[in-house]
Amino acid sequence: PAFLVCKTPTGEGDRVLLLLHEPGAGSNGVRLTMESALTARDRVGVQDFVLLENFTSEAAFIENLRKRFKENLIYTYIGSVLVSVNPYKELEIYSKQNMERYRGVSFYEVSPHLYAIADNSYRSLRMERKDQCILISGESGAGKTEATKKILQYYAVTCPASQQVETVKDRLLQSNPVLEAFGNAKTLRNDNSSRFGKYMDVQFDYRGAPVGGHILNYLLEKSRVVHQNHGERNFHIFYQLLEGGEEDLLRRLGLEKNPQQYHYLVKGHCARVSSINDKNDWKIVRRALSIISFNDNEVEDLLSIVASVLHLGNVQFAADEQGNAQVTTENQIKYLARLLAVEGSVLRDALIHKKIIAKGEELISPLNLEQAAYARDALAKAIYGRTFSWLVNKVNKSLAYKEGEFPGWRSTTVLGLLDIYGFEVFQHNSFEQFCINYCNEKLQQLFIELTLKSEQEEYESEGIAWEPVQYFNNKIICDLVEEKFKGIISILDEECLRPGDATDTTFLEKLEETVKNHPHFLTHKLADQKTRKSLGREEFRLLHYAGEVTYSVAGFLDKNNDLLFRNLKETMCNSENPIINQCFDRTELTDKKRPETAATQFKNSLSKLMEILMSKEPSYIRCMKPNDAKQADRFDEVLIRHQVKYLGLMENLRVRRAGFAYRRKYEVFLQRYKSLCPETWPTWDGRPHDGVAVLVKHLGYKQEEYKMGRTKIFIRFPKTLFATEDALEVRKQSLATKMQATWRGFYRRKKFLHMKHSAIAIQSWWRGTLGRRKAAKKKWAVETIRRFIKGFIYRNHPRCPENEYFLDYIRFSFLMNLKRNLPKNVLDKSWPTPPPSLCEVGSTAPGQMALEQKVIASEIFKGKKDNYPQSVPRLFINTRLGNEEINTKVLQALENEAIKYAVPVIKYDRKGYKARARQLLLTQNAVIIVEDSKIKQRIDYANLTGISVSSLSDNLFVLHVHCEDNKQKGDVVLQSDHVIETLTKTAMRADKVNNVNINQGSIKFTVGQGKEGIIDFISGSELLIAKAKNGHLTVVAPRLNSR
Ligand SMILES: Nc1ncnc2c1ncn2[C@@H]1O[C@H](COP(=O)(O)OP(=O)(O)OP(=O)(O)O)[C@@H](O)[C@H]1O
Ligand SMILES: [Mg+2]
């Protein structure tokens, strides 16, 4: 980040405006423009008193305030403390847009505002997870309550929300109108003056959403219930109820619309105030009650109590002859009995009698008029006071952080808002003002402790050169009020408790006696001549840090005792109104111990409050009122000067100017900003002190901008820190990007590695497969080679497993070779020499013969007879019948004539063409037809004249025999399954190769004695041989596909 320095002449001396600028941040540029517009408006005087040239001058201080006030610029800083001047008019600076403008923006960048303080505390709470508190101080009417409400609204608008959180936000906001109705009243100083102290914790979850809250209330000014000074009113709720309550409701409560009817409302003579709209406020309160989970019954019970106080005020007494008080207003008793749900007669008796228990015995004595009135008022105060505390409890229950509703939302942090009654001075000041002013004294003490004193002490302990600033430490006044034995409260308590006739006067005397030398204490008796005039004899004066206040001791003892007669307490304990019943506990009646006095209770609760505030990181809003007339645009310089003085603003400024805006332990500082310097990021191994030194050097801090203490670094100007914060913001972005990138890289790499492993797995599997395939191929090759070699070695052996492959291969390759270079003719002598394994057919005698026969068969039948092609692949074999299949008688008959070929045939006889099974034998000289053991016919080859076959696919054939031979029976019609083989062999044996006739249509043959037979051949679907009607033998030969 770089600084943009603009010098802006304003007429009241040049003012340097420092704007934070991040290079290259376009949207920021827009923001800056917007804010420049905002700050331009704010260039009146200085926004921060620290920038005031003449910072020691009170006049300059007030002048700056005045200038800004005139321009409606009501907020100004002293460092991180906000000074606010009540404008007494609505300003347009609390809009939603304005809230957004302050959200998440550095303090320093925008004009001073409540929202900046609120946002700053909120951010510290979120970032450091440290409880925060915002202390709002100032006198009555200075705007504390308004500020508190505006801060709450800011959180309600800007904090993250959800359905549940919306409910919590609503309740937090709506608790205000309810508590204000019951606890605020119009005073002379303020039309809506808080008459009780309020400390509210808002609980935030880890996401920064408000999830609950808790309220602590402090000392309600109960006396207001029964008495108001002139020009003041009772608590708002009474007027709101009478003005806004529906007819029906008022009738039930026995009330009339007119406040003038009620004694408790007319003491101040100003029931109606122009600035207050009770009717409207009633509606707001009524709605708020339902939001903070009051049901209709509870509202009715609560309003019954409010009404009962008014009725109590109207209870009147008259003295009887003995001077004892008697109730004269029966009607009121009737209403009271109903509203408080008690026995009417019991209440009446309790109001005019006093019950004392002495030595275990009950003593009842009547009251005189004055005592009865006192008892009545005491009851009204007790009822109202206790109901107010009950109300706070009830609100707390509805605000309580419900873990069940927000499951898993671990630890919460709280932000406290303190809005307590401001310092006040009236014409007549009593016990209440004493308490209120004491409280403000304590808060001032805390402010001093936390800012001035602790600041100076810290510089000292850190060994930082420092010029002490003189300031007024009001501890002396606190001690005067609260010190044990010697303090005013102690003396008051003592007077209240001591037996005998203690009165307010004896108390004053005791005071004079004990603290007479105290510089901040004065009475008529102790004062010098001059001041004595301004002091009554029943008064004492305290010189508060904020100014002198004269208190009248009248009523001090009573108010401190806060006594309620026993019988009234008992009556209330028996009430059936659930709220009253909870407010008055029976144990109170039996408890022997005296209850703590009001002042002591207050003192203790304040000391607890201080503890609470000390444990948190404080922010301050110092409220001031510009005039006493509650008027807009009126700047009463005297009044302002007074406030500037007693609020210690000048001292505050001096300390601020001399001091440092920011300090942090080295460890914490280093931890937060280490990412801004390469040497300290990500870890610094050395001492944190050295790490911070390296870091700030890297950040370019100038010598005058910071100091290194013993354990902490001190940064003088907020702007230095803001620049560092901004740099961190930018760095965070880049770190986040880096982290994202790293993660993405990691994620991608993981994915990549996974893919890589998968690829490797697939590759190795594939390589394995390929390897196995190759190995298998190699193995096959080796085996083939081995077989080949083995085959080669055994090539001359007879066929056996060792040479099978080799021989086949040789044959195959020879034949394949032959196929490619086939000789043109079967008789071509130029054929290649076959390998020895193929020679078996060609070179052996039977093989050669068979081949020769095949060649002859081809010459005879090729292209002439249909079934010739079928015969080609079948080898012609030597004989179809072995000698053992031929009858021995036939063999004997043939004697030495060797049978060359034998085949079973079917003979068709000459007459009826009956089919007879016969054997055909070929010998050296003749064809012999044999029937079992008989030679049926012998045809010498010389007598065989020819052979006839059809051209079709049948197996029939005719052997033509020489007719002159009488022995011959004529031609023979035969059928052989191996017709081509049989005929080829016969023709070759008989040397009748050229005499084979292949006929188409029919064959004629002789049947003996010159008779002729005819065989007709036709082709058909299947073989059929039968005698036809014309006496011919008809042969149907099946058609072959090949034809
Ligand atoms: N910021 C503001 N803008 C407009 N009006 C304001 C502002 N602050 C205060 N006021 C006016 O001043 C009046 C008094 O303010 P407020 O009730 O907050 O005072 P206080 O400090 O709480 O006083 P007390 O100590 O009596 O309770 C308000 O009712 C309102 O009219
Ligand atoms: Mg207030």
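Residues numbered from 1 in each chain as written. Chains lettered and ligands numbered in written order. Predicted model: local features only at pLDDT ≥ 70, side-chain atom pairs only at ≥ 80, totals over all residues. Heavy atoms only, no water.

J.: What is the right way to read the UniProt feature "binding site: ATP" (unreviewed entry) in the chain from this model?
T.: Sequence positions flagged by UniProt for "binding site: ATP" (unreviewed entry) are, in local numbering, G138, E139, S140, G141, A142, G143, K144 and T145. Lining residues of the largest cavity drawn from the annotated list: T145. Relative to the elements of secondary structure, G143 occurs in the loop between β5 (132-137) and α5 (144-158). Beyond its immediate sequence surroundings of up to four residues, G143 is in contact with N86 and C623. As for its placement among the helices and strands, K144 is situated in helix α5. On the accessibility criterion, K144 (7% relative accessible area) is buried. Among residues more than four places away in sequence, those in contact with K144 are I136, S137, G138, E139, D419, I420, Y421, G422 and C623. (UniProt positions renumbered as here; feature names shortened; annotations may be inferred. 1 Å grid on protein atoms, 1.4 Å probe; cavity = no way out; pocket = protein on both sides within 12 Å on 5 of 7 lines; lining within 4 Å. Helix = DSSP H or I, 4+ residues; strand = E, 2+ residues; numbered from the N terminus. Contact = heavy atoms within 4.5 Å. Buried < 20%, exposed > 50% of the residue type's maximum accessible area, 1.4 Å probe, protein only.)

J.: Help me understand the site of ligand 1, please; the structure alone is not making it clear to me.
T.: Close to ligand 1 lie 19 residues, the nearest being N86, S140, K144, T145 and S193. E146 places a polar main-chain atom, nitrogen or oxygen, 2.9 Å from an oxygen atom of ligand 1. Contacts to ligand 1 include S194, whose backbone N or O atom sits 2.8 Å from an oxygen atom. Relative to its unbound accessible area of 630 Å², ligand 1 is 89% covered by the protein chains. Looking at the shell around ligand 1, its residues break down into five nonpolar, 10 polar and four charged. (Near = heavy atom within 4 Å. Polar contact = N/O pair within 3.5 Å; in protein donor to acceptor, adjacent residues only side chain to side chain. Areas by Shrake-Rupley, 256 points an atom, 1.4 Å probe, with all protein chains shown as cover. Nonpolar A, V, L, I, M, F, W, Y, C, P; charged D, E, K, R; others polar.)

J.: Quick question: what am I supposed to make of empty space enclosed by the protein here?
T.: Unoccupied space between atoms shows up once a probe the size of one water molecule is rolled over them. A full pass over the atoms with the stated rule returns four cavities of 30 Å³ or more. Quantified by volume, the largest cavity comes out at close to 80 Å³. Along its surface, the largest cavity is lined by T145, T148, K149, N176, L179, E180, N184, S194, F196, K198 and D419. For the lining of the largest cavity, the elements supplying multiple residues, two or more each, are α5 and α6 (163-183). Within the lining of the largest cavity, the residues separate by chemical class into two nonpolar, five polar and four charged. Of the pockets and cavities examined, the second largest cavity occupies roughly 60 Å³. For the lining of the second largest cavity, the secondary structure elements donating two or more residues are β5, α15 (431-461) and β18 (617-624). Among the elements that make up the lining of the second largest cavity, the one with the highest residue count is β5 (three residues). (Points joined across faces, edges and corners; volume = space filled by probe spheres on them.)

J.: What exactly am I supposed to notice about helix α11 (residues 296-313) here?
T.: One full turn of an α-helix is made of 3.6 residues, so residues set three or four places apart face in the same direction. The end-to-end C-alpha separation of α11 is 26 Å, in line with the 26 Å expected for 18 residues at 1.5 Å each. The element α11 is largely enclosed, with a buried count of 14 among its 18 residues. (Expected span 1.5 Å × (residues − 1).)

J.: How should I be thinking about the coordination of the magnesium ion (ligand 2) in this particular structure?
T.: In a perfect tetrahedron of four donors around a metal, the angles come out at 109.5 degrees. In a perfect octahedron of six, they are 90 or 180 degrees. The protein atoms donating to the magnesium ion (ligand 2) are T145 (OG1) and S194 (OG), with metal-donor distances spanning 1.9 to 2.1 Å. Placement of T145 in helix α5 and of S194 in strand β7 (residues 193-194) is noted, with a sequence separation of 49 residues between them. For S194, a relative accessible area of 9% gives the class buried. (Donors = N, O, S within 2.8 Å, 3.2 Å for Na, K, Ca; no water.)

J.: Help me understand the sheet that holds strand β25 (residues 934-940), please; the structure alone is not making it clear to me.
T.: The strands making up a sheet are joined through hydrogen bonds of the backbone, oriented either antiparallel or parallel. If you walk across this open sheet you meet the eight strands as β25-β24-β23-β22-β28-β27-β26-β29, and the pairing is mixed. The sheet is open, and its two edges are formed by β25 and β29 (996-999), each paired on a single side. Going across the sheet, the axis of each strand differs from the next one's by a mean of 35°, ignoring polarity. Here strand β22 (residues 899-908) runs beside strand β28 (residues 972-976); their pairing, made up of four bridges, is antiparallel. For V905, the partnering residue across the bridge sits in β28 and is S976. (Pairing = 2+ DSSP bridges. Axes fitted to C-alpha atoms, helices over the stretch in contact; angles between N-to-C directions.)

J.: Whenever I open this one, the sheet that holds strand β33 (residues 1033-1038) confuses me. Can you help?
T.: Strand order in the open sheet made by the four strands is β30-β31-β33-β32, with mixed pairing throughout. Edge positions in the sheet fall to β30 (1002-1008) and β32 (1024-1027), since each has one partner strand and no second. Within the sheet, the average angular offset between the axes of one strand and its neighbour, ignoring direction, is 20°. Looking at chain direction, strand β31 (residues 1011-1020) and β33 are connected through six bridges and run parallel. Residue pairing for β33: G1020 is matched across the bridge by P1038.

J.: Looking at this structure, I do not really get the packing of aromatic side chains. What am I missing?
T.: The description of an aromatic ring pair rests on the distance of the ring centres and on the angle between the ring planes. Evaluated as defined, the whole model comprises 37 aromatic pairs. Considering the side-chain rings of Y115 and Y154, the 4.9 Å spacing of their centres and the 20° angle between planes classify their relative orientation as stacked. Of this pair, Y115 sits in helix α4 (residues 114-128) while Y154 sits in helix α5, and the two are 39 residues apart along the sequence. No difference in accessibility class separates Y115 from Y154, as the two residues are buried. Seen in terms of ring centroids, Y805 and Y809 are 6.3 Å apart; in terms of plane orientation they differ by 20°. Their pairing is stacked. One end of the pair is Y805 and the other is Y809, both in helix α30 (residues 801-820) and four residues apart, which spans about a single turn. On the basis of relative accessibility, which here comes to 36%, the residue Y809 falls in the partly exposed class. Here a set of aromatic residues connected by ring pairs shows up, and it is made of Y94, Y102, Y115, Y122, Y154, Y155 and F204. Sitting over the face of the ring of F294, K394 holds its NZ or CZ atom 5.1 Å from the ring centroid. The ring of F792 carries R795 above its face, with NZ or CZ at 4.0 Å from the centroid. (Phe/Tyr/Trp six-rings, centres within 6.5 Å; stacked < 30°, edge-to-face > 60°. Lys NZ or Arg CZ within 6 Å of the ring centre and 35° of its normal.)

J.: Just checking my understanding: could you explain the pattern of salt bridges for this structure?
T.: A side chain with one charge can pair with a side chain of the opposite charge if their charged atoms come near. As enumerated under the stated definition, the model contains 56 salt bridges in all. K169 is paired through a salt bridge with E166; the nearest N and O atoms lie 3.9 Å apart. Of this pair, K169 and E166 are both found in helix α6, three residues apart, which corresponds to roughly one turn of the helix. Under the relative-accessibility criterion, E166 is labelled partly exposed at 35%. Between E725 and R672 there is a salt bridge whose closest N-O contact spans 3.0 Å. Linking E725 in helix α29 (residues 718-793) with R672 in helix α27 (residues 666-673), this pair joins segments that are 53 residues apart in sequence. Given a relative accessible area of 15%, E725 falls into the buried group. Judged by its relative accessible area of 26%, R672 is partly exposed. (Salt bridge = Lys/Arg side-chain N within 4 Å of Asp/Glu carboxyl O.)

J.: Help me out: how do you make sense of the pairing of strand β4 (residues 81-85) in this one?
T.: For a regular strand, side-chain orientation follows a simple rule: the groups alternate between the two sheet faces. Counting buried positions along β4 gives five out of five residues, so the element sits mostly inside the fold. Burial of the side chains of β4 extends over both faces: V81, V83 and V85 are buried on one face and L82 and S84 on the other. Pairing analysis gives four bridges linking strand β3 (residues 75-78) to β4, with the strands arranged antiparallel. Looking at β4, one finds that I78 is bridged to V81. The hairpin formed by β3 and β4 contains two residues between the paired strands, and G79 there has a positive phi angle of roughly 65°. Here β4 runs beside β18; their pairing, made up of four bridges, is parallel. Residue pairing for β18: S84 is matched across the bridge by C623.

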